[in-house]
Amino acid sequence: QLQLVESGGGLVQPGGSLRLSCAASGFTLDYYAIGWFRQAPGKEREGVSCISSSGGSTKYADSVKGRFTTSRDNAKNTVYLQLSSLKPEDTAVYYCAAELSNPLRPCTVVTAPYDYWGQGTQVTVSS
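Residues numbered from 1 in each chain as written. Predicted model: local features only at pLDDT ≥ 70, side-chain atom pairs only at ≥ 80, totals over all residues. Heavy atoms only, no water.

Peer 1: Even after reading the chapter, I still don't get the overall build of the chain, so can you show me in this structure?
Peer 2: Broken down by element type, the chain carries zero helices and 11 strands. Listed by position from the N terminus, the elements making up the chain come as β-β-β-β-β-β-β-β-β-β-β. The globule rule puts the C-alpha radius of gyration for 127 residues at 14 Å, and the 14 Å found for the chain is close to it. Principal axes of the C-alpha set define a box for the chain whose edges measure 40 × 30 × 25 Å. By the burial criterion, 43% of the 127 residues in the chain qualify as buried. Sequence-distant contacts in the chain: of pairs separated by 6 or more residues, those separated by 24 or more amount to 60%. Carbon and sulfur atoms make up 48% of the accessible area of the chain, which totals about 6,300 Å². If the 11 positive side-chain charges of the chain are averaged to one point and the 10 negative ones to another, these points end up 4 Å apart. (Helix = DSSP H or I, 4+ residues; strand = E, 2+ residues; numbered from the N terminus. Rg over C-alpha atoms; globule rule 2.2 N^0.38 Å. Buried < 20%, exposed > 50% of the residue type's maximum accessible area, 1.4 Å probe, protein only. Contact = heavy atoms within 4.5 Å. Areas by Shrake-Rupley, 256 points an atom, 1.4 Å probe, with all protein chains shown as cover. Lys, Arg positive; Asp, Glu negative; His and termini not counted. Charge placed at Lys NZ, Arg CZ, Asp CG, Glu CD.)

Structure, rendered in structure tokens:
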């Protein structure tokens, strides 16, 4: 069974940091770009970041640029999202998603093209 499993979420104070992991089971991530998305209660799902299959290219939403960093370790079949300088407005369920590598684009933060989705991990930023 093809699965993506997020982990690393939790409760953190404003200004704190967390590292989220996205681990693949049943398939290899080598040929997939990975996107990170988040959804807060009552709000639409929004793109956070993405990383190309090789890890050579990344994109970030303006709201997280300079604070979040995505990386990958294909040998471990895992992608990471480092969240720093967290704000209350970062509170959401965070999802990772996999898109089969497209030679015409490194990755995208648009939801539609992604083939596989994880179950999400809750990040709560509160004092």
